[in-house]
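Listed below are the residues making up each chain.
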There are 4 protein chains.
Amino acid sequence: MLAVGIVGATGYAGAELVRILAGHPQVDLRILTSRQYAGQAFSDIYPAFQGLTELVCQPYDSQRISAETDLVFTALPHQIPMSIVPGLLANGLRVIDLSADYRFENAADYEAHYEPHQNPELLTKAVYGLSEVYRDSIKSAQLIGNPGCYPTSVLLPLVPLLKAGLIDGRLLIADAKSGVSGAGRTPSLVTHFCEVHESFKAYKVADHRHNPEMDAILSKAADRPLHISFVPHLVPMSRGMLTTIYTQPQPSVTAAQIDECLQAYFDPCPFVRLLGWDRFPSTRAVRGTNYCDIGYRLDPRGKHLILIAAIDNLVKGAAGQAVQNMNLMMGWDESMGLDAPPFPL
Amino acid sequence: MLAVGIVGATGYAGAELVRILAGHPQVDLRILTSRQYAGQAFSDIYPAFQGLTELVCQPYDSQRISAETDLVFTALPHQIPMSIVPGLLANGLRVIDLSADYRFENAADYEAHYEPHQNPELLTKAVYGLSEVYRDSIKSAQLIGNPGCYPTSVLLPLVPLLKAGLIDGRLLIADAKSGVSGAGRTPSLVTHFCEVHESFKAYKVADHRHNPEMDAILSKAADRPLHISFVPHLVPMSRGMLTTIYTQPQPSVTAAQIDECLQAYFDPCPFVRLLGWDRFPSTRAVRGTNYCDIGYRLDPRGKHLILIAAIDNLVKGAAGQAVQNMNLMMGWDESMGLDAPPFPL
Amino acid sequence: MLAVGIVGATGYAGAELVRILAGHPQVDLRILTSRQYAGQAFSDIYPAFQGLTELVCQPYDSQRISAETDLVFTALPHQIPMSIVPGLLANGLRVIDLSADYRFENAADYEAHYEPHQNPELLTKAVYGLSEVYRDSIKSAQLIGNPGCYPTSVLLPLVPLLKAGLIDGRLLIADAKSGVSGAGRTPSLVTHFCEVHESFKAYKVADHRHNPEMDAILSKAADRPLHISFVPHLVPMSRGMLTTIYTQPQPSVTAAQIDECLQAYFDPCPFVRLLGWDRFPSTRAVRGTNYCDIGYRLDPRGKHLILIAAIDNLVKGAAGQAVQNMNLMMGWDESMGLDAPPFPL
Amino acid sequence: MLAVGIVGATGYAGAELVRILAGHPQVDLRILTSRQYAGQAFSDIYPAFQGLTELVCQPYDSQRISAETDLVFTALPHQIPMSIVPGLLANGLRVIDLSADYRFENAADYEAHYEPHQNPELLTKAVYGLSEVYRDSIKSAQLIGNPGCYPTSVLLPLVPLLKAGLIDGRLLIADAKSGVSGAGRTPSLVTHFCEVHESFKAYKVADHRHNPEMDAILSKAADRPLHISFVPHLVPMSRGMLTTIYTQPQPSVTAAQIDECLQAYFDPCPFVRLLGWDRFPSTRAVRGTNYCDIGYRLDPRGKHLILIAAIDNLVKGAAGQAVQNMNLMMGWDESMGLDAPPFPL
């Protein structure tokens, strides 16, 4: 059994890690930390867990977590992880960080959109945890920068097509829609029930911090600098993310080539379900699961390839992919502990 | 492995059975039937199950289901089960019926609120599947009449107190609130999104078919005829049921006695979580689980004992309790296959 | 035209006052105050009003508001109004306060559940603004304590029956359900979308501050001390309140007497719609309106009279009733400015 | 007073017409027809209107409606209007049809996506009722083909820019999101609460019947054949539509030119609110109103102009625009009867 800790266990991503790891056959969940709720039982914060876990939230204690665990998930606002991760790594722990702090290869990109980085030397050591794309590097990594939810939904359909040179990188548009849990558990007007319910809006239009994260990985896949126009929207629901992508096949590329490319790429991937041409995903069908469902269509008048990807933003977009990465790092079956039945209703 | 069939697998209770049984370690799910979707893959109806089950919906075939399975769940509108259950029993199968057809001990009660009964002789043979109350009879039953969702939420808190003579049966009021999935999957104005969303209403006020079902079991517990005033309401959410019960302790009964009675009664029950005095449940905390959470309070001005019970109407109120009953019938651990993590968000 | 100010215009009740008064033919809305948003255009806070009002939120200034307006609505958290209302009254303004500060006749009742009162002498001067019940006193009042939303829904059906001696005051139970806007606009976990959506729960069970407000008016109607057991619940919707009341007719009282009593009482009341026996309201049908819809039923087994009342908690439960009271105070038609079409969807 | 009839008054668009026309100062609403509810009071179908209208739904009777009214709104499924509109016109009535039957200039376009047309000769006589674009023709029209909701949200931002030659018609993408009421009141799985709630999906991807309607008007504006790639999505809310449009400015076009073009075009339009650069609309802010709010942004890396438009699909997307067109036809103020306060919560 692997001794595991979660730093920041009471936010939504942290709690989702608890939910998933509670059923993981190889994990012994030892430590949950929370600044806000230190000293309180986790099941007092999330009463769903009454009788299911006795764990009490602790203040963060680097010594203790290093002594008692082998692998730590950090589910914290960006900028906090970079102050604690180096210590954990130095003590020999593996770390999967769910913030943006270790997602970029070079510090300048991070600093342009976030804050000055305190340990830029770790950025080359960290592996970007998009499991299906960087599986091999993840296996031998000590530190994972777990992808953002939006990038996960944008990158999975596009990376294989860019790598294969099948689409024209000059037209890349991602129109994304996310449930409210993506905004976290801290109360604000943005997440106030009455401000969200029966409403729909765009926000941070072509101005979201996940955009450079996408651009970096897309550029790497195409081996030239690319930019995707990215517009996120807020959906009046708690969970789920659906992204509609507009691009253009390269001139002589056929539909069959696109299909074959995606099928070949995702054939060994248990969590990508290709729906094929003209069948489309819904967030309902991936609710509570680690799946990314992808469907696609050529606009019948021929100009655009439309790809639609759906994930559960808290699972494949956060905690689930983090556990998938842990499985890869430990050499376990990639889907261990991630096979809870879906929750379609 | 027990070979199991679900008759009526594409309604919400049926699909919830699929969801639960897919993860049950002792069950081999062999047959799903559906009149409406015969010939279609279950995962076409519920795309969440793509890649998870290959089962194709079949038309109902008594011979085939008898040949291939040992236990059948019937998740059908009332009146249909009574036309097929006798045949299944005659073929030696165990049957757990989720309709009202086998919930009443005498035919007159059933016929007063439903239809003429075609096999009233089975009513005395059938056991009412309120697992915590009739556990012993369930263990040896061949036919279970699985309780309605409303009765489950009303009876669990009241039966122990009535049996112990701690409350006055003359004041029994249950004000219940249910999510929309209780109305089933067949489209109607009642379940139309725009008619439900941002609205709240009562329906079948003191006139619901589940009322006589409650009255029968309450009377049995108290050993005298009782009636509970029952008012159901529709909540704009998909899942969940919360029932607020108003009653009166017998004159000299103390709070401690009430607490002790409930604690003693539910001590061996893995799926009842007593929250105790002045702590109250929410449907969120039982979402996706087989739990019934119960909290209570004496109105400080002393007149009323208020008991609040929350369940997931599709789990403890339907499919989960049915699986719990199967476990009891088979002599397995009562909670086998019912330990999927909760789904609080 | 009456010059009107709203103190606390950016909370939900305040904004609803703006919405209603914007269309009131006799009102000139002059001043909106807001601590939090002083200096910002109201239409920046509520973009729905872009192009519809030029008003800019001001800090509260007693002198200015007294100089420029004749009547003021105070829509503030309790305890704040009592520090400003005496000054406004002294300057000759009429005041309609939407907080609890002027709802109680004697200070002890208020102080038992809220805070020490700074101007208890005003309590006897203030009139409780339940328009249908205290219409005559309201007409000549200078200060109105506008009722809480819960008390409005509880008192309207019960007061006439208690006054007429038709029901037994010993059994009074109100099971109330409210939309989230009742909790106000200040962000908190209670109003966080993900904590509310797809969930239902009770709160402050038999322990809500509105309970003594109800008890006081019920006791006054019955002319003897009464207590109602009151349990509020939170519904995952923004607007609307539905209250289910359980009581008992006096022994020889007939259904016809109950009906006649309610019909006679509410005959002159434009905002109470009696649905009669066995027809029940929904919050949808009163959405956006000042109506209180009331339906009722005798439990067929005879013990309980069940009355169900629905209001829009922000209209009849707050801003609408406040405007209705203003109309009465000014000698205008009671429904002036309150006739916007309903908003059923 | 203009005598008005609504044919198909109990669908959502029809009921919204009732809601708006009930407050229109120049309209006398005389006749409501409904096949399904003939003989029933409108307020039985929509209890919100109890006490507000005495109108009883009638079966459709061409003679009677021609005798008693001067102008008729037909709010029916396509194909039905074309069987009754010629008769109404022949009797001298004005007709505003909310279906697709009179939206196309030539029958072939209609027939390619709908059905054979029974009176193609009327298509050249009918005026497309996009009020802001075809105001002058609408004023003198006898028959209006009222636009679909999706086309309204797509065309308003694009038509001025295409007419002015400021954008490149080769890149036109509209990613649209609609509330459920757009699917109508007839129950189906698509509108079942439990199938919609907490889910988000695309549908009819680049395959929606509103696409050719958009293409026709866009092509007319640009004076050359254009095609927009259009993907509609279903949002778990009742009302509201938001469309995100991606296009490309012509090479040397400046941001100032785009702004000036839109401002000049919409200056005389009371129902278009331009939010300007980098401010974006929400459906909440137009809820219950006839407004179309439009905001825009150049992707900072320069490639795309992103325009976002929000409307209430039942108002500006259906009934409200129909009333606006009636006002234009009658020579009244364009916004008469359309000034009910917004309903932001």
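This text follows the structure it describes.
Quick caveat, the model's predicted, so the values are computed rather than measured. (Residues numbered from 1 in each chain as written. Chains lettered and ligands numbered in written order. Predicted model: local features only at pLDDT ≥ 70, side-chain atom pairs only at ≥ 80, totals over all residues. Heavy atoms only, no water.)

## What about the interface of chain A and chain C?
Right, so step 1: Contacts between the two partners involve 20 residues from chain A, matched on the other side by 20 residues from chain C.
Right, so step 2: If you sort the residues of chain A by the area they bury against chain C, His192(A), Phe193(A) and Cys194(A) come out on top, with a joint share of 35%.
Right, so step 3: Inspection of the region where chain A meets chain C yields two salt bridges.
Right, so step 4: Across the pair Glu195(C) and Arg185(A) runs a salt bridge, and its minimum N-O distance is 3.4 Å.
Right, so step 5: In this structure, the connection of chain A to chain C is made through eight residue pairs in polar contact (both at pLDDT 80 or more).
Right, so step 6: Ranked by the residues each element gives to the side of chain A that touches chain C, the list is headed by helix H8 (residues 193-196) of chain A, at four residues.
Right, so step 7: Residues of the side of chain A that touches chain C, tallied by class, amount to 10 nonpolar, eight polar and two charged. (Contact = heavy atoms within 4.5 Å. Buried area = accessible area lost by both parts, 1.4 Å probe. Salt bridge = Lys/Arg side-chain N within 4 Å of Asp/Glu carboxyl O. Polar contact = N/O pair within 3.5 Å; in protein donor to acceptor, adjacent residues only side chain to side chain. Helix = DSSP H or I, 4+ residues; strand = E, 2+ residues; numbered from the N terminus. Nonpolar A, V, L, I, M, F, W, Y, C, P; charged D, E, K, R; others polar.)

## Remarks on the pairing of strand S2 (residues 27-33) of chain D
All names here are of chain D.
Right, so step 1: S2 sits mainly inside the fold: five of its seven residues count as buried.
Right, so step 2: Relative to S2, strand S1 (residues 2-7) runs parallel, the two being bridged by six bridges. Bridging across to S2, Val 7 finds its partner in Thr 33. (Buried < 20%, exposed > 50% of the residue type's maximum accessible area, 1.4 Å probe, protein only. Pairing = 2+ DSSP bridges.)

## Considerations on the interface of chain D and chain A
Right, so step 1: Taken together, the contact pairs 49 residues of chain D with 49 residues of chain A.
Right, so step 2: Between chain D and chain A lies a buried interface of about 3,900 Å² when both sides are counted; carbon and sulfur atoms form 55% of it.
Right, so step 3: Among the residues chain D hides against chain A, the three largest losses belong to Glu198(D), Phe200(D) and Arg284(D). Together they make up 17% of the total.
Right, so step 4: One can count eight salt bridges joining chain D with chain A.
Right, so step 5: Put simply, Arg301(A) and Asp215(D) hold a salt bridge, and the shortest N to O gap is 3.2 Å.
Right, so step 6: Remark: the boundary between chain D and chain A carries 38 residue pairs in polar contact (both at pLDDT 80 or more).
Right, so step 7: Secondary structure elements with two or more residues in the side of chain D that touches chain A: strand S7 (167-178), helix H8 (193-196), strand S8 (201-202), strand S9 (229-234), strand S10 (241-249) and strand S13 (305-311) of chain D.
Right, so step 8: Considering every element that reaches the side of chain D that touches chain A, the biggest residue donor is S7(D), with eight residues.
Right, so step 9: When grouped by side-chain class, the residues that make up the side of chain D that touches chain A number 23 nonpolar, 11 polar and 15 charged.

## Some words on the packing of helix H8 (residues 149-163) of chain B against helix H11 (residues 255-266) of chain B
Residues and elements named next belong to chain B.
Right, so step 1: Contact geometry of H8 with H11 gives a least axis separation of 9 Å together with a crossing angle of 110 degrees. Between H8 and H11, the interaxial angle falls into the category roughly perpendicular. Helix-helix and strand crossings are classified by hand; for H8 and H11 the assignment is right-handed. Residues Leu 156, Pro 157, Val 159, Pro 160, Leu 161 and Lys 163 of H8 form the contact with H11, whose own contacting residues are Ile 258, Cys 261, Leu 262, Tyr 265 and Phe 266.
Right, so step 2: Its residues assigned to classes, the contact of H8 with H11 shows 10 nonpolar, no polar and one charged. (Axes fitted to C-alpha atoms, helices over the stretch in contact; angles between N-to-C directions. Parallel < 35°, antiparallel > 145°, perpendicular 65-115°, else oblique. Left-handed = near helix turned anticlockwise from the far one by under 90°.)

## A short note on the relation of the copies chain D and chain A
Right, so step 1: When chain D is fitted to chain A, the residual RMSD is 0.0 Å, and the transformation amounts to a turn of 180 degrees plus an axial shift of 0.0 Å. Both copies are brought into coincidence by an operation consistent with a two-fold rotation axis.
Right, so step 2: Here 100% of the interface residues in chain D have copies in chain A that are interface residues too; the copies meet face to matching face. (Least-squares fit on C-alpha atoms with pLDDT ≥ 70 in both.)

## Digging into the pattern of salt bridges
Right, so step 1: Counted according to the given criterion, the structure contains 72 salt bridges over all chains.
Right, so step 2: With a shortest N-O distance of 2.6 Å, Glu198(A) and Arg287(D) are connected by a salt bridge. You can see Glu198(A) sitting in the loop between H8 and strand S8 (201-202) and its partner Arg287(D) sitting in the loop between strand S11 (272-277) and strand S12 (292-298), one on each of two chains.
Right, so step 3: In this structure, a network of salt bridges that share partners links the residues Glu16(A), Arg19(A), Arg239(A) and Asp312(A).

## Here we look at the sheet that holds S11(D)
Residue and element names in this part refer to chain D.
Right, so step 1: Pairing in this open sheet of seven strands is mixed, and the strands run S8-S9-S7-S10-S13-S12-S11 from one edge to the other. Lying at the two open borders of the sheet, with one neighbouring strand each, are S8 and S11.
Right, so step 2: Two elements, S12 and S13, share seven bridges in a ladder whose sense is antiparallel. Each residue of the ladder has a partner; that of Ile 294, found in S13, is Ala 309.
Right, so step 3: Strands S7, S9, S10, S11, S12 and S13 of the sheet are contacted by helix H7 (residues 149-163), whose axis makes an angle of about 30 degrees with S10.
Right, so step 4: Helix-sheet contacts for helix H10 (residues 255-266) involve S10, S11, S12 and S13, and the interaxial angle to S11 is about 170 degrees.

## Quick word on helix H10 (residues 255-266) of chain C
Right, so step 1: Its 12 residues place the ends of H10(C) 17 Å apart at the C-alpha level, agreeing with the 16 Å of an ideal helix rising 1.5 Å per residue.
Right, so step 2: Elements that come into contact with the buried residues of H10(C) comprise helix H6 (131-139), helix H7 (149-163), strand S10 (241-249), strand S11 (272-277), strand S12 (292-298) and strand S13 (305-311) of chain C. (Expected span 1.5 Å × (residues − 1).)

## Focus on the packing of aromatic side chains
Right, so step 1: This model, assessed by the stated rule, comprises 46 aromatic pairs over all chains.
Right, so step 2: A centroid spacing of 5.2 Å and a plane angle of 75 degrees characterise the contact between Tyr265(B) and Phe266(B), whose relative ring orientation is edge-to-face.
Right, so step 3: Assessed through its relative accessible area of 4%, Phe266(B) is described here as buried.
Right, so step 4: With 4.8 Å between their ring centres and 85 degrees between their planes, Trp277(B) and Tyr296(B) make a pair best called edge-to-face. Highlighted residues: Trp277(B) in strand S11 (residues 272-277) and Tyr296(B) in strand S12 (residues 292-298), separated in sequence by 19 residues.
Right, so step 5: The class for Trp277(B) is partly exposed, based on a relative accessible area of 25%.
Right, so step 6: Looking at Tyr296(B), the relative accessible area reads 0%, which means it is buried.
Right, so step 7: Joined through ring pairs, the aromatic side chains of Phe42(A), Tyr46(A) and Phe49(A) make up one cluster. (Phe/Tyr/Trp six-rings, centres within 6.5 Å; stacked < 30°, edge-to-face > 60°.)

## Remarks on the state of the cysteines
In a disulfide, the sulfur atoms of two cysteines are held together by a covalent bond.
Residues and elements named next belong to chain A.
Right, so step 1: By the definition in use, this model includes zero disulfides over all chains.
Right, so step 2: Cysteine Cys 269 is unpaired, with the sulfur of Cys 292 as its nearest cysteine sulfur at 10 Å.
Right, so step 3: Note on Cys 269: relative accessible area 5%, which makes it buried. (Disulfide = S-S within 2.5 Å.)

## Some thoughts on helix H11 (residues 315-330) of chain A
Residue and element names in this part refer to chain A.
Right, so step 1: With 16 residues, H11 ought to run about 22 Å at 1.5 Å a step, yet its terminal C-alpha atoms sit only 19 Å apart, falling short of that.
Right, so step 2: Taken as a whole, H11 carries its principal kink of about 45 degrees at Gln 321.
Right, so step 3: In terms of residue burial, H11 counts as a mostly covered element, since 15 of its 16 residues are buried.
Right, so step 4: Directly beyond the C-terminal end of H11, a positive phi value near 75 degrees is found at Gly 331. (Bend = angle between axes of the 7 residues up to and from the residue.)

## Some thoughts on the sheet that holds strand S3 (residues 71-74) of chain C
Right, so step 1: In space, the six strands of this open sheet follow the order S2-S1-S3-S4-S6-S5 (chain C), with parallel pairing throughout. Edge strands, defined here as strands with exactly one partner in the open sheet, are strand S2 (27-33) and strand S5 (127-128) of chain C.

## What to know about the relation of the copies chain A and chain C
Right, so step 1: Overlaying chain A with chain C gives an RMSD of 0.0 Å, the required rotation being 180 degrees about an axis along which the chain moves by 0.0 Å.
Right, so step 2: The fraction of interface residues of chain A whose copies in chain C are also interface residues reaches 100%, indicating that both copies meet through the same surface.

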